[in-house]
Amino acid sequence: MIHSELLKQSSTINVIYYIGKLPGYGHIKEGGAQLVLQHLVEKLIVNQPKYKPEILVQHGREKNSNNTLPVTPHMHLDDLINHLRRNNHPKTILHLADSQLLLYHPEYLHVVASFWKGHIVQRLTQLDRINSLKSKIPNGLSDHLNQISMFVSQSDEITKVLTELEVSPEKITQISNGVDTNIFFPSRTSEEKNLIRQKLFPVITNDKLIYYYVGRLSSHKKRVVDLFHAWKNSKLFEDGHFLNLIGSYDEGIPEINDIKSLKKVGIILSGLVPHNLIAEYNRASDVFILPTVPEGEGFSNAILEAQACGLPIICRKGVSGSNKVVFQNQTGLFFEDVDGLTSDLVAMKNRTNRSRMAKNALNHTHSSFTLEIMAKNHFELYERLLRNN
């Protein structure tokens, strides 16, 4: 009995995830990094019993949700180092799920790297995070980065920048996010879609299109103002079509404050919507739009969720990872400026092309971007690192 328990303990692989914030431990909404981490840990617990994951959260104190994951909140960097010293083992992996923690504090990363026996994995999702590191650490950035055992890059663009910074290709792997296809799926019938539309948008008839954006409504990186201008230029509202916007907004945007003018051009402000209801808004819609500039968006979970619900995508060219998700005239359309976005909005009126792209988008998501695929790629990465200990 004692022998079997010792064997079980020796075969256990610990994975310590470190992230800045987590829903349920402080009043924050679920972002892409938080969702990816929660899904990954859930899959690890269910499918890989030899792994023992724990999540350390830098901020947040009290638990205010039904989250059942193994979480320890209020672990600042000094607390993290003490925790790692107590749990220092070659079979323990430190997975940094947020790029603005240890990577942004060279003195702390250097301390950890000096004693840590296991591997350090760093997830990177946005180009602007790496670019800001260049100014933060003008000298010795390559040495700083190479203290990481493995970077999980979300896109070709991030991989390219890491390579230019002399990070060895052997230390870079690309793992895309995944979407929960048990939650995000298309309406099974046109009747079902119509019922959802009638519930969410009772004034919109079923023969009209609903274009759709979810995210922060800001003028800087999200470029929602570009979407406003393109929508007005398209004159789609004159034919009774609508643009639905979900998310919190900056009060400094005049276009948003003028609610009466928005209604005149068929723009609906749905405000903040709980993530568990986003799937219904996807199923009620016809086209998803991402107007964000490349430096303002990491790998977009919103695109994956929309495609999983059978929506074609209109996306600004150059957004990190979009070239792996959106294929021109196959799963969606790219644009570079307001005129291009206007043309794409109008082009999506073509029902035959829209339906073809929607079907392709759905198939592509199921073949490449499910939670199971994302989790499997992480498990394989961990196994590969442990073999190289």
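Below is a short write-up of the structure. (Residues numbered from 1 in each chain as written. Predicted model: local features only at pLDDT ≥ 70, side-chain atom pairs only at ≥ 80, totals over all residues. Heavy atoms only, no water.)

### Structural notes on the sheet that holds strand 6 (residues 150–153)
- Taken in spatial order, the seven strands make up an open sheet running 3-2-1-4-5-6-7, and their pairing is parallel. Edge positions in the open sheet fall to strand 3 (71–72) and strand 7 (172–174), since each of these has one partner strand only.
- Note that strand 1 (residues 13–19) and strand 2 (residues 51–57) share seven bridges and pair parallel. The residue bridging Ile-13 from the neighbouring strand is Tyr-51, located in strand 2.
- Packing against the sheet, helix 17 (residues 371–387) makes contact with strand 1, strand 2, strand 4 (92–96), strand 5 (119–124), strand 6 and strand 7, and its axis sits at approximately 165° to strand 6. (Pairing = 2+ DSSP bridges. Helix = DSSP H or I, 4+ residues; strand = E, 2+ residues; numbered from the N terminus. Contact = heavy atoms within 4.5 Å. Axes fitted to C-alpha atoms, helices over the stretch in contact; angles between N-to-C directions.)

### Examining unusual backbone geometry
- The phi angle at His-74 is positive, at roughly 55°, despite the residue not being glycine.
- Along the chain, His-74 turns up in the loop between strand 3 and helix 3 (77–86).
- Assessed through its relative accessible area of 29%, His-74 is described here as partly exposed. (Buried < 20%, exposed > 50% of the residue type's maximum accessible area, 1.4 Å probe, protein only.)

### So, the packing of aromatic side chains
- Here the structure, examined in full by the defined rule, presents five aromatic pairs.
- Taking 5.9 Å as the distance between ring centres and 80° as the angle between the ring planes, the aromatic pair formed by Phe-201 and Tyr-281 counts as edge-to-face. Of this pair, Phe-201 sits in the loop between helix 8 (190–200) and strand 8 (210–214) while Tyr-281 sits in helix 12 (residues 275–284), and the two are 80 residues apart along the sequence.
- Take Phe-201: its relative accessible area is 4%, and that puts it in the buried class.
- Residue classification places Tyr-281 among the buried residues on the basis of a relative accessible area of 12%.
- On the basis of an interplanar angle of 65° and a centroid distance of 5.4 Å, the ring pair of Tyr-211 and Trp-231 is categorised as edge-to-face. A residue pair is termed long-range when its members are at least 10 positions apart, and Tyr-211 in strand 8 and Trp-231 in helix 9 (residues 224–234) qualify at 20 residues. The two residues Tyr-211 and Trp-231 agree in class, both being buried.
- An aromatic cluster is built from Tyr-51, Phe-379 and Tyr-382, whose rings are joined through pairwise contacts. (Phe/Tyr/Trp six-rings, centres within 6.5 Å; stacked < 30°, edge-to-face > 60°.)

### Section: the packing of helix 8 against helix 12
- Here helix 8 crosses helix 12 at 115°, and the two axes come no closer than 8 Å. Between helix 8 and helix 12, the crossing angle belongs to the class labelled roughly perpendicular. Considering the relative orientation of helix 8 and helix 12, their crossing is left-handed. The residues of helix 12 that touch helix 8, namely those facing Lys-193, Ile-196, Arg-197, Lys-199 and Leu-200, are Glu-280, Tyr-281, Arg-283 and Ala-284.
- Broken down by class, the residue content of the contact of helix 8 with helix 12 amounts to four nonpolar, no polar and five charged. (Parallel < 35°, antiparallel > 145°, perpendicular 65-115°, else oblique. Left-handed = near helix turned anticlockwise from the far one by under 90°. Nonpolar A, V, L, I, M, F, W, Y, C, P; charged D, E, K, R; others polar.)

### A closer look at the pairing of strand 4
- The element strand 4 is largely enclosed, with a buried count of five among its five residues.
- Here strand 4 shows two buried faces, one formed by Thr-92, Leu-94 and Leu-96 and the other by Ile-93 and His-95.
- Both strand 1 and strand 4 contribute to a ladder of five bridges, which runs parallel. For Asn-14, the partnering residue across the bridge sits in strand 4 and is Thr-92.
- Read from strand 4 through helix 4 (residues 106–115) to strand 5, the crossover connection turns out right-handed. (Right-handed = clockwise from strand over helix to strand, strands pointing away.)

### A few points about the nonpolar core
- In this structure, Tyr-211, Leu-245, Phe-288 and Leu-345 are the most contacted members of the largest nonpolar core, which totals 55 residues.
- Residues contacting Leu-245, with those up to four places away along its chain left out, are Tyr-213, Leu-217, Val-224, Leu-227, Phe-228, Ile-267, Ile-268, Leu-269, Ser-270 and Gly-271.
- If you look at the next biggest cluster of nonpolar residues, it comprises 35 residues, including Leu-103, Leu-109, Phe-115 and Leu-141. (Core = buried A, V, L, I, M, F, W, Y, C linked by side-chain atoms within 4.5 Å.)

### Here's the deal with the environment of Leu-362
- By the element assignment, Leu-362 lies in helix 16 (residues 351–368).
- Between the alpha carbons of Leu-362 and Leu-304 there is a distance of 9.1 Å; along the sequence they are 58 residues apart.
- In this view, Leu-362 contacts Pro-186, Gln-307, Ala-308 and Gly-310; residues no more than four positions away in its chain are not counted.

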